[in-house]
Amino acid sequence: MSDRVPDLEGAQARIREAFLNQESGLFVLACTAGFGKSTTAERIAADVLAISSQAGTLHPEEQLAVVSFSQDDAASIEPGLDTALDAFADDDAATERSLDEATANKLQRGLRQSDYIGTIDSVLRSVFEDVATEVGFDKMPTVGNEALLASLRRDCLEKLRENPEYAPQFEQLENAYADGESTAVDELLEAGREAKRDRRLSADAFRDQLTGTVDDVYPEGAPSTLADVREDIRRFYDNSVAESFEPAETATETVQRDQACHDQWRDCTEAFTSLVSAYERAYDNICLDRGVAAHGDVAYWIAAYFDTDSHDHPGYEPARDEEIRERIRRRHAVHFQTLVVDEAQDISVVQHDALAELVPDDARVLLAGDTNQCIYGWRNARPALLAQAFDTGRYFNRDWGVHRREQAAKTYRMRPDIIAAVDTVFTDVFTDPQRGAVESLETEYPLVTTDRDAKTVPSVRVAGYHANGVPGSQEWFETGEAGTLATYLHSAIATDEFVQEDPSEAVTVLFPRRSNMDTLERKLQARGITVANASQRLFATPLVRLVCAVVDWLVDPFDPARTRTLFEDEACAFLRADPPEDSPLENSPRHKVEAHDYQLDAVTEEAEFAPAVESFIRGLCTLAANRARHACDPGELVLEDIVQTLDLRTDPFDLVEDDERCLAIIDALLDHVGEWEGADRYTVADLSAVVNEYRVEPKDGPMVPVLDTTEYDVVFRTIHSMKGDEAGVVCLADLSNPVGARGPHGQRFLAQGEHLALAPPETDVRIDVEQTDAGSRDASTPLRWAANRWVDDRLAGAPPLRAAGAAHRADRWRLLYVAMTRARDQIVLSLPREQAAGPQAPRNNWLGTLQEALKLERAPPRGSYELPVQRASDERTITVGINDVPFDPAPVTTPSRPVPRAAEPTAPVQTQRTPRFISGSILSPLVTEFDRHWLPYVQGRALHTERAEPDRSLDLPFGTIGPDGLGTIAHDVLAMATSECVATETLRACTGPLRKALRSSLTRHSPTIEESERRAVEEFVSHTLCPQFAATETWTRLQTSETTFTEEATDTLVDIGGLSIETQNHIDVVSMAPDGTWHVDEVKIILTPPDETMRRRHNAQLAFYAWALQQQLSQDAEVEATLTYLGQTTQTHQPQISQSRLRRQLAQLRSR
Amino acid sequence: MIDDTATELATSNSPRIGQIHVADERGLYTRAKRAERPTDIVMTPEQLHRRNLKRALARRDKPRSSLTFQTPTDVARTVIETQSSSTPTVLDQLDRIRGLETILKEKSEAYEELRPVFGSNLAASVEQIEIARGELRLVAGTDTERLAAARTVADGLSGTAAADTHALLSGIQTLDKQLSERTDDIVSESSLFHRAAQAVRETDGAAWTDAYSHIEQVAVAGVSSLGTPLLEFLTALSGTAGVDVALYLRAGTGPQIRHRLQVRMTISAGSGTPSQSNDQWNIQAPSCSVTELHAATKHEECRAVAALVDKLLTSGHTPSDIALVARNADEYERPLSRAMAVYGRHLSVWSQLELKRTLPYRLVATTCEVLETLDSGTVPIDQLLRPLAIHWTPSRGSIKTPLSATEMSALKRHLNDSEPRSLESWLKHVGNENDNIEAPTRHLVAFLNWCRDQPTRPAPEDVSNVLAPLVDAFDRNVLPALVANDAPDYSDVSRTARAVERVAGETDGDHLIRETAAKYDDWLKQGHVSRTWGEVRDILDALATVRPGRREHKNAERIDVLDATDTWLRSYPYVIALGLIDGVWPQRTHGAFPFEFRAAVVAGDSISARRLGVRGAWTEAREYDHFADVVRTASDNLVVTRFREDVEGVSYQRSPLLETLDPTILDDAALHRLCSSSGGVPTPLPGAPSETGPYKGGRQ
């Protein structure tokens, strides 16, 4: 069978052809959701590799960069390239991209080595490895560690506040915006710094932009009369509002107030911009000092470093520094010779500028993106850059000579009815200036074709509920939407109503925000539906919050005040809960502990707690006593100790919905802390500070991973986290929040696209043009700030603020587009049955728009209806199901998986002690006194048995050299005698090589020995030991041996109760007599008469040696062992060797 | 397939290596005999490889007195020592980095060419520069023709890579020369080999025979790369001293080393064996069963492995039957330990001791910090109490037990409102506040008095005199209490006792404080450091980082966890290899030289490139070395495991190494059963021990 590489089609093929036919240029592929732009981009990149490889380029992957915005998207690039290369290798047809398998494999391996395939952040981080020290870091900093950055920012601002130079500005801003509170101003400054940096604005440009906004809001300057005020109201609202404006005070007071607003606002802007600049400088310095940077900083530093206009710093040496800079640029530019950017609409200005410096002029650049899917405006994504590239061929700050573009309106993802519904909604939305028609590539919305077949069951469905309360409110969701939606999903799942290609896939419920997830989760679980929340913040989980509380307490666990804080912590509600009525316990645990002045040690004497609580409190005491260990361990291990000691894996307080998730939460916590900590070591106080950064702001921290969604019926995700992904069945929930909510009108600092503004002071100088409900920001109608109110067909407010509001709303509409285009087979929309009005009106609310587009007013109470839709070639109808599921199914019973052992209590310790290495010399001590000798055994020290003081008659001083040292020296001499086969007379007199060996051994073992001691030792060895040995039968026998081996290593493995134990023996002498008998000899220097213990030990040693030697010899070889004592006495023994006894001794070493 | 026969190389009149074996160590076993004196030197660069070989011989009940086991450095040192009658001293990595820093600060203008490569602040990149220095020596040694070959390779690279490589070749040469000129010691092991080779050649082999008169054969075993200086030494041994040289290479890198050996040994340009095809590595097909297990995350992978180990032990296996292996055992230690602890079981991880996390090390380090801070002024309460929190006890006097956590806390709270104080002020403050002095305060006073008695400008001998007694007191007063409180497996005690030995134990070569004193002395003489406790602390830290010391592995009831490379010559019935993820195993290649240069040298497409050595980290072949050894280590069952996602949801790909096997995949249901508390080892995983006979590597 002939395997062919699947062809690209239409715009995919055209952009590919254009790209491959040019050596350089800019190529832009703008396409709709589900078009397969990532596949196209990866395929084109693979084509480049294959063609370059065929042309003889050795490492084409080194000249390729493929980047995307999010980690998920980037993670799929390499597999995508792999797949394409595999297809090329399997393709039987000979083309310019045909590869043999080895070449494909080589390219794939090469791609694995590349630092230029991944997220933009990761690629820029690689470049920064070369740049970091050039911009002042000592080495490559830690990048993107939010915990470090949060404390860095706090410290930095604290330092800035201490500087008297800035005190007036801080005071001014705190009075104007924060009612004297510092935190709000800190947030304001950080937002300003980030916005300035992301836009690469100079201090002046930043100031000009903010001041420019004030000027725009006061187009005629500060008012002189009430008429001036009314005129501005007319400009920003309309005539009727201007006419009906009723100032709360006199005209003069009103004018004065508005003048004051103008003046104070300018002053605040001045103070703010000065402080932001000072903060930015201080921030940079502290980043350099601590070796920490944010991802945005990395992009900024790269862009700034290569920007040749910005090098006037002290110490700048043009010739040298330019050469270095140019070399670094060229080193990296090679890798951007071909650059493929996926999700190009999400690139920010600073990322664009950083890449621009690295991309060579003769590069080939492919941008693939969709401005309608840009939902990261709040993270400074700048889709206008892509729009400009598409329209004009300008990108990376240059006009490209070759500029090709393709636009595609086709999906390979969605069923026909789904895309028809999407088109029906967004044909209006994306061409409506009041909704999404901002920053789109085209003013017209193209109708999208699909490659997929229609299904007989409705692909578009509505779960219709009866609304209650204010849209976007908790009441709306809890009392109106959640119940119906839960019932709908339950019914559809229970009756297999959802038909999708992969039946094991869970139903994906998308939320625009997290706040109502818990409500729906509870309602679904009550119906037996299993739910995985894939968008849960790790530090928002009760389990992690409990761990954080314990970490705080561990900073000083014996401090009653800390113990009290722990018991009052919201995460420890179980410590405050009153016992149930039928419980013998009388009070809550806290009452008991309080009664003991929060001294835990005193409390645990009384076991009057529920078992889980008692275990918890005992665990706390254990942790408290472990402080020395915690003072040495890194934070990750301290957390591990907490989890282990408090048995949190078993979820004793039912804080987590299921076992697997409990384990996943703990895994994630330990992994993240380990990663943040890196090679450093957090003290408990450091750890407490770090985890509390996230405890306070869980949104800055990581998510709880959901690893196997097929195990669940339903998966919850936010729309943002679903971008770039798709699912068979997608349900959109919690859609009622007005699109204008959380817009610029509620912000103190506005950074929306190109719009930057600081809000006017939040003092009594602010004027509202209409009296509204007190306290409702959304309903406010400020004269000099962004309003969330329509005036005819436009938003109210000064032009730049109005534009920012429109941009914010456009972002929200694109979010709905992304949400609706994730579904492959079926989409469920959760919508109210009541007709939209007011805040639900189509231009204000997704609900209104969806109801209008789907003509929901025509829908029957239950069942389905036909909806006429316009398609590219004709008008046709799609079937929309509404509440078309039975609403009274039985609760679902999902077959439960076996409980993981890891979620059950820890088993008792199974591991005992068996020596892994054994030698004859330590056998007896270990057998007889295992516990006593285990520690020195572990430490590798000699295992001493009790022995008497050396015989005084020997007259040995033992100052520097102890008995062991003496033994070693004597051993060296006697071993020499044996190995060199010296004459008996030489041994007896200790002369010749033996004398030399004696002196050399003395010097080696005790170089600083006193002369008198040296003489005594020499004398003892030469006058006592050597003659003694010469007179022994052992010596006589060795003299006649066939062969003699001294210090013979005789190792073997021995089985002790199934364990394989290594023996490590060094036998003094192994020899073979002329009759073929093997002998094992041990010579012992003794300074006291040998007692029974000593004999037993030495006999065991000999027996073991003999046995070990026997293992190395033929089975019929005969081995004899001889023990020779010298020193205080001369004795020779031939201990009886008993194999069975040896076995028994060895067996005693097992599992002690 | 692996060529497992010895290969004869070269013509009769050129330097020669007698035998080259790839993935076949039978020759080593054959040479092991009982002998009155050694006839063979076996050189294994890794200590554990030496141990493994000894164990392999013991397993075969082979006497081995014909073999002496030494590192190549030991052998070269002995040759030089015998010839010059003095022991050559070789700078260690810390010395070299210090030396390089000094040179780069003093003569930075001489290294302008290195700035475009490492950046304008060369001193900030000194560690990278040292790596590059090491790579250059490994690749080309000091021989001018090999250096010329490196330049020729550089000429063939693209613009920036060529410029970077040339700058490195030239700049590193100069630096190395300067380094050499500034010291009487030998700069590095490379230079040591070079000098030893020179000594052998200049004495026409006498330098060798004087040192090793009875040696007939020198074997280099278990290496993944053969550096040029070592090759030069071996060439001198075989060519000049007439010693047989045998190479025992590994499955991945071996063929390439063999392929270009003759060209590398031939000095004069233009000669040497013309290039044939570059041999391809291959993994020997395992003869045992192979099962693949993939879990969602690394933690789940570890839990599955722990469950498997527990069920195997329950079904009759012993810890000797099982080995867990990872590319880097350290990276699996924590999650594996956690997973095993659930079953009450414990590991023996064969990697370096985490010395800096141990009580004895922290005790010494924090005490130095207090002495340093007291000397420079005032010390805050937190810092002052740190040594006491880590169980400081006086080496003399009546206090024999450390302060308990409760006492520490009470003491701290009592003093917590105190501002940082000088030593005298602390003494006065503590004394004034506590007329009826209680135990914790007495302890603190003892510590303050002890601090007062210590020299403020420590001489080298003070390092041992002051610090060693601290550890002795710990050994005497604290360790016994730890023994009494530890769990039956004695995990904490084992680690702490081992650390006591490493920091201030009985073995000379294993005594961090003495090493620190020697280095401090040396650096004081060279003007690298001044006399402060802070400097002592920094040296302690640096030594503890680069040479943390080995762990203890003396409990046979713990399950072995090995680095893959350390499985060389080992054998276990049941091997579980973890982390077979692309990028983890095989790891990405890396090096200090530009990628293009490394790739060109590895590819060896020109005679110049083949003249150069290849650093192991430059090639994925080294990863195959390790994997091949793991496969060989499994005598009955091999289980390969991996994970699919990290904690952030990023996907990981299956390791290409697994393409060489044909494993049976464990399905999800079986995985869940495995990880649950019920049932035994699910099929297709083999469970109970084989009934057919004793295991080759484990039980006998």
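Everything that follows concerns the structure shown earlier in this document.
Residues numbered from 1 in each chain as written. Chains lettered and ligands numbered in written order. Predicted model: local features only at pLDDT ≥ 70, side-chain atom pairs only at ≥ 80, totals over all residues. Heavy atoms only, no water.

## Some remarks on the side chain of aspartate 1081 of chain A
Residue and element names in this part refer to chain A.
Here is step 1: Topologically, aspartate 1081 is positioned in strand S30 (residues 1078-1086).
Here is step 2: One polar contact links aspartate 1081 to arginine 1037, side chain to side chain, over a distance of 2.8 Å.
Here is step 3: Leave out the neighbours within four places in its chain, and aspartate 1081 touches Thr1034, Arg1037, Leu1038, Ile1067, Asp1068, Val1069, Ser1071 and Thr1122. (Helix = DSSP H or I, 4+ residues; strand = E, 2+ residues; numbered from the N terminus. Polar contact = N/O pair within 3.5 Å; in protein donor to acceptor, adjacent residues only side chain to side chain. Contact = heavy atoms within 4.5 Å.)

## Considering the packing of aromatic side chains
Here is step 1: Using the criterion set out here, one finds 44 aromatic pairs over all chains in the structure.
Here is step 2: For the pair tyrosine 376 of chain A and tryptophan 378 of chain A, a centre-to-centre distance of 5.9 Å together with 50° between the ring planes defines the contact as tilted.
Here is step 3: Residue tyrosine 376 of chain A is classed as buried on the basis of its relative accessible area of 8%.
Here is step 4: Three or more aromatic residues joined by ring pairs make a cluster, and in this case those are Phe128, Phe137, Tyr300 and Trp301 of chain A.
Here is step 5: For arginine 193 of chain A, the ring lying beneath its charged end belongs to tyrosine 283 of chain A, and the centroid distance is 3.7 Å.
Here is step 6: One residue, lysine 554 of chain B, lies across the ring of tyrosine 937 of chain A, its end atom 5.1 Å from the ring centre. (Phe/Tyr/Trp six-rings, centres within 6.5 Å; stacked < 30°, edge-to-face > 60°. Buried < 20%, exposed > 50% of the residue type's maximum accessible area, 1.4 Å probe, protein only. Lys NZ or Arg CZ within 6 Å of the ring centre and 35° of its normal.)

## Some details on the nonpolar core
Here is step 1: Counting 113 residues, the largest nonpolar core has Leu189, Phe272 and Leu367 of chain A as the members making the most contacts within it.
Here is step 2: Ranked by residues supplied to this core, first place goes to helix H13 (residues 251-290) of chain A with 14 residues.
Here is step 3: When neighbours within four sequence positions are excluded, phenylalanine 272 of chain A is seen to be in contact with Leu173, Leu188, Leu189, Gly192, Phe206, Leu210, Phe749 and Leu758 of chain A.
Here is step 4: By size, the runner-up hydrophobic cluster in this structure holds 111 residues, among which are Ile918 of chain A together with Leu48, Val529 and Leu638 of chain B. (Core = buried A, V, L, I, M, F, W, Y, C linked by side-chain atoms within 4.5 Å.)

## Concerning the interface of chain B and chain A
Here is step 1: Contacts between the two partners involve 103 residues from chain B, matched on the other side by 101 residues from chain A.
Here is step 2: Of the roughly 9100 Å² buried between chain B and chain A on both sides combined, carbon and sulfur atoms contribute 50%.
Here is step 3: Broken down residue by residue, the surface that chain B buries against chain A is led by Arg34, Lys554 and Glu557 of chain B, which jointly contribute 9%.
Here is step 4: With a closest N to O distance of 2.8 Å, glutamate 1062 of chain A and arginine 55 of chain B form a salt bridge. (Buried area = accessible area lost by both parts, 1.4 Å probe. Salt bridge = Lys/Arg side-chain N within 4 Å of Asp/Glu carboxyl O.)

## Points about the packing of helix H8 (residues 167-177) of chain A against H13 of chain A
Residue and element names in this part refer to chain A.
Here is step 1: Between H8 and H13, whose axes approach to 9 Å, the crossing angle comes to 125°. By the angle class used here, H8 and H13 are oblique. As for how H8 packs across H13, the hand of that crossing is left-handed. From H8, Gln169, Phe170, Gln172, Leu173, Ala176 and Tyr177 reach across to H13, where they touch Trp265, Asp267, Cys268, Ala271, Phe272, Ser274 and Leu275.
Here is step 2: Residue composition of the contact of H8 with H13, by class: 9 nonpolar, 3 polar and 1 charged. (Axes fitted to C-alpha atoms, helices over the stretch in contact; angles between N-to-C directions. Parallel < 35°, antiparallel > 145°, perpendicular 65-115°, else oblique. Left-handed = near helix turned anticlockwise from the far one by under 90°. Nonpolar A, V, L, I, M, F, W, Y, C, P; charged D, E, K, R; others polar.)

So far we have only geometry, and geometry alone does not tell us how the molecule works.
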